[in-house]
Amino acid sequence: MSDVVAQAVAAMNEKLGGSGIDGTAQFNIEGEGSLVVDSDGARAGDADADVTFTADADTLREIFDGSLNPTSAFMSGRLTIDGDMGMAMKLAATLA
């Protein structure tokens, strides 16, 4: 597991406040790897997901630290989303 993925897992678990989500989301970090978020929280790896987010490491870092709104990242093309848009919106609210 890359340091970037490990940092993303830690940041996501902090955002979730010790809980998980209803469903499964995957974050693909270009050139680094993936993390999965489900009812158990975030962990490194990949899985069949209801929604998949893809972005470079800098974009996800900015989303996780709160300096970039996930909706703005999506609208500007820095973040792509594939799958259940309702779940994507719900998770984006958690990250914002």
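Structure: above.
What this report covers is the structure whose coordinates are included nearby. As the structure is a prediction and not an experimental result, all values here were calculated from the model. (Residues numbered from 1 in each chain as written. Predicted model: local features only at pLDDT ≥ 70, side-chain atom pairs only at ≥ 80, totals over all residues. Heavy atoms only, no water.)

1. Description of the pairing of strand 2 (residues 33–38)
Along any regular strand, the residues point their side chains to alternate faces of the sheet. For strand 2, the tally of buried residues reaches five of six residues, placing the bulk of the element in the interior. Bridge analysis of strand 1 (residues 25–29) against strand 2 gives five bridges, and the strand direction is antiparallel. Bridge pairing in strand 2 links Asn28 to Ser34. Pairing of strand 2 with strand 3 (residues 41–44) involves four bridges; the strand directions are antiparallel. Counterpart to Leu35 in the pairing with strand 3 is Ala44. Taken together, strand 2 and the strand that follows it, strand 3, pair antiparallel across an intervening segment of two residues. (Buried < 20%, exposed > 50% of the residue type's maximum accessible area, 1.4 Å probe, protein only. Helix = DSSP H or I, 4+ residues; strand = E, 2+ residues; numbered from the N terminus. Pairing = 2+ DSSP bridges.)

So, to be careful, I would describe these as geometric facts and stop short of saying anything about function.
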